[in-house]
Amino acid sequence: MRQLLVFCAFCLLSVAAMAHAYHASIMDVQYNTKKQQLEVALKVFTDDFEKGLSAGQPSAVTFDKLSPAQVSSLTTALLQRSVAFGTKPGETLPLRFVGVEKDKDAHWVYFSVKMPPKPATTIYLRHRLLLDTFQDQMNIVNLDGGGKKQSALFRAGNDEQQLSF
């Protein structure tokens, strides 16, 4: 019985140590036809997010030491450096930061992208979030528009893709 308890404890400690052994973000993009905009929810592990926000700062950034205005400013700057939507290659449509929400060991970042008046069924996305920070970073994107769903994986060397909806 004691050996079983020791084995179970070892397994739990191993799982806890591996709990964040990978670096990934998940982006859900919904096309709102009425508002002609992309509505984006981006989930990032908190420790990874803080490391990304710290880039170029004089000291390490932690959420518990930032005001909401600082979080907004730093997050907007990070998004502008690492994420770009367009209707043609090389285009960058403006992002509108909506907010950040803590969710256990991660944060959700919300923003929108106003689409041009001419209806588009294809978008070009550059998604470099944390690719310079972590060699194994994966950015997963799920796009839902006009009843069509598409998923894509963005990694180093594959950080720009064309998506259709």
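Structure: above.
Note that the structure is predicted; figures quoted are calculated from it, not measured.

Quick notes on the rules
Residues numbered from 1 in each chain as written. Predicted model: local features only at pLDDT ≥ 70, side-chain atom pairs only at ≥ 80, totals over all residues. Heavy atoms only, no water. Core = buried A, V, L, I, M, F, W, Y, C linked by side-chain atoms within 4.5 Å. Buried < 20%, exposed > 50% of the residue type's maximum accessible area, 1.4 Å probe, protein only. Contact = heavy atoms within 4.5 Å. Pairing = 2+ DSSP bridges. Helix = DSSP H or I, 4+ residues; strand = E, 2+ residues; numbered from the N terminus. Phe/Tyr/Trp six-rings, centres within 6.5 Å; stacked < 30°, edge-to-face > 60°. Polar contact = N/O pair within 3.5 Å; in protein donor to acceptor, adjacent residues only side chain to side chain. Axes fitted to C-alpha atoms, helices over the stretch in contact; angles between N-to-C directions.

A few words now on the nonpolar core. The tendency in soluble globular proteins is for nonpolar side chains to be buried side by side. In this structure, M27, V29, L38, F85, F111, I123 and L125 are the most contacted members of the largest nonpolar core, which totals 35 residues. The contacts of I123, once residues within four sequence positions are left out, are L38, F85, G86, M115, L143, Q161, Q162, L163 and F165.

Taken together, the seven bridges between strand β1 (residues 24-32) and strand β7 (residues 138-145) define a ladder with parallel strand orientation. Bridged to I26 within β7 is I140. One ladder, built from eight bridges, connects β1 with strand β2 (residues 37-45); its direction is antiparallel. Residue pairing for β2: Y31 is matched across the bridge by L38. Between β1 and β2, which follow one another and run antiparallel, lie four residues, and Q36 among them has a positive phi close to 50 degrees.

Further remarks concern the packing of aromatic side chains. Summed over all chains, the structure comprises five aromatic pairs. Between the aromatic rings of Y31 and F165, the centroid separation amounts to 4.8 Å while the plane-to-plane angle is 40 degrees, which identifies the pairing as tilted. Of the two residues, Y31 is situated in strand β1 and F165 in the segment after β9 (160-164); the sequence distance between them amounts to 134 residues. F165 carries the same exposure label as Y31, and that label is buried.

With that out of the way, let us pick up the pairing of strand β8 (residues 148-154). Note on strand geometry: in a regular strand, side chains alternate between the two faces of the sheet. As defined by bridge partners, β7 adjoins β8 across seven bridges and the pair is classed as antiparallel. Bridging from a neighbouring strand, I140 pairs with L153 of β8. The antiparallel hairpin formed by β7 and β8 contains two residues in its connecting segment, where G146 sits at a positive phi of about 60 degrees.

The subject of this paragraph is the side chain of Q137. Take Q137: it is sitting in the loop between β6 (122-127) and β7. For Q137, a relative accessible area of 1% gives the class buried. At a separation of 2.9 Å, a polar atom in the side chain of Q137 contacts the side chain of N139. Discounting residues that sit within four places of it in the chain, Q137 has contacts with H23, A24, S25, L129, L130, L131, F154 and R155.

Glancing now at the sheet that holds β1. Overall, mixed pairing links the six strands, which are arranged β4-β5-β2-β1-β7-β8 in an open sheet. The open sheet is flanked by β4 (95-103) and β8, the only strands paired with a single partner. Neighbour-to-neighbour, the strand axes of the sheet open up by a mean angle of 15 degrees, direction not taken into account. Bridge count for β2 against strand β5 (residues 106-114) is nine bridges, and the pairing is antiparallel.

The next subject is unusual backbone geometry. What you tend to see is this: most non-glycine residues have negative phi, and most peptide bonds are trans. A positive phi angle, near 50 degrees, is found at Q36, a position not held by glycine. At K104, a residue that is not glycine, the phi angle is positive and equals roughly 55 degrees. Structurally, the position occupied by K104 is in the loop between β4 and β5. Under the relative-accessibility criterion, K104 is labelled exposed at 72%.

Spatially, the three strands line up as an open sheet ordered β3-β6-β9, and their pairing is antiparallel. Sheet topology places β3 (83-86) and β9 at the edges, where each strand pairs with a single neighbour. Averaged over all pairs of adjacent strands, the angle between strand axes in this sheet comes to 20 degrees, irrespective of strand direction. The pairing of β6 with β9 spans five bridges and is classified as antiparallel. Looking across to β9, one finds that L125 is bridged to Q161. Packed on one face of the sheet, helix α3 (residues 68-82) meets β3 and β6 and runs near 60 degrees to β3.

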